Amino acid sequence: MIDSEAMVETRARTLTHRLTIGALWAILTPLLILPIVAIFVFAGRGGWSTFATTLRLPDAQFALRMSLWIALWTSVTNAFVGTFTAYVLSKHRFPGRGPLTILVNLPVAIPTVVMGTSLILLWGPIGLLGRYLVPLGFKPIFAPFGVFLAHVLVTFPYMLGAVKPVLDELEITYEEAAYTMGAGRLRTFVHVILPALKGGLFSGTLLTFAHSLGEFGATAMVSGNLRMQTQTAPLFIFAQFEAGQIETANAVAAVLAVLSFSIFLFLLRFTRKPAREGA
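Residues numbered from 1 in each chain as written. Predicted model: local features only at pLDDT ≥ 70, side-chain atom pairs only at ≥ 80, totals over all residues. Heavy atoms only, no water.

This part covers the overall build of the protein. Along the backbone of the protein there are 13 helices and zero strands. The C-alpha radius of gyration computed for the protein amounts to 24 Å, which surpasses the reference 19 Å derived for 279 residues by more than 25%, pointing to a less compact arrangement than a globule. Taken over the C-alpha atoms alone, the protein extends approximately 90 × 65 × 30 Å along its principal axes. Each of the 279 residues in the protein was classed as buried or not, and the buried ones make up 34%. The long-range fraction of contacts in the protein, counting pairs at least 24 apart against all pairs at least 6 apart in sequence, stands at 73%. Here the protein displays about 16700 Å² of accessible surface, and carbon together with sulfur accounts for 71% of that area. Here the protein holds 20 positive side-chain charges and 13 negative ones, and the gap between their average locations is 9 Å. (Helix = DSSP H or I, 4+ residues; strand = E, 2+ residues; numbered from the N terminus. Rg over C-alpha atoms; globule rule 2.2 N^0.38 Å. Buried < 20%, exposed > 50% of the residue type's maximum accessible area, 1.4 Å probe, protein only. Contact = heavy atoms within 4.5 Å. Areas by Shrake-Rupley, 256 points an atom, 1.4 Å probe, with all protein chains shown as cover. Lys, Arg positive; Asp, Glu negative; His and termini not counted. Charge placed at Lys NZ, Arg CZ, Asp CG, Glu CD.)

End to end, helix α7 (residues 144-169) covers 38 Å across 26 residues, agreeing with the expected 38 Å (1.5 Å per residue, within 8%). Of all the bends in α7, the greatest, near 45 degrees, is centred on Thr155, and the proline Pro157 appears no more than four residues after it. (Expected span 1.5 Å × (residues − 1). Bend = angle between axes of the 7 residues up to and from the residue.)

What follows is about the environment of Leu55. Positionally, Leu55 belongs in helix α2 (residues 47-55). It is 24 Å that separates the C-alpha atoms of Leu55 and Thr74, two residues lying 19 residues apart in sequence. Leave out the neighbours within four places in its chain, and Leu55 touches Ala60, Gln61, Leu64, Ala251, Val252 and Val255.

Here it is as structure tokens:
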């Protein structure tokens, strides 16, 4: 009798387990999986030759190169600026530190279109600074430098969020020992703090690169979407969709998706490695 009740309970648990897993697949399939699959289905409709021909288009190659270069320089810039900001906010106490900590994280909470608008209002021809700089020949808006500024601004919190928690948890005793042995702040940072930041810097740089690669809102505002001048890959995809060139748009979208997946999988493998080693 007891065995029979246990078997019924086990079957009920198995049924509940299967229903739960089935419900999860039913939700995620149209929400996440099918949209990603659709990119590659439409990109490959014309066959490999059409796909390769599309990627050889000068406009498509320029847009992909532009996105990769902007993402690269954005990552390098934020690696320095973000690490410096995280270090000052973590290791120094000064008036206004709390509000400044909130302020540097704001770009992740504000829509990127709004951030792009703020750059136009600052650096544009009638902006707070632009009205004085544009007559001198410095025109960042609707130019590659403006796109770079927009990407640095909207991706800044990703590097900060990866580095600052490591600095906050770093044992102060290591730094104190270095100071006791006569090391200055710079030598202590290079030989004690920087090695501890290796993981945070690596993951922050990859996150920044991946986010910059797909950035659209702020880029659309400050770039002007100028063909072969400021058009990044996301803007090229949007322009091709508007023109009805679905296969061209999807070919570039597939390349961006593969790049993003590769970065994500690499980051996932890197961040899981310490856990496996500790297990």
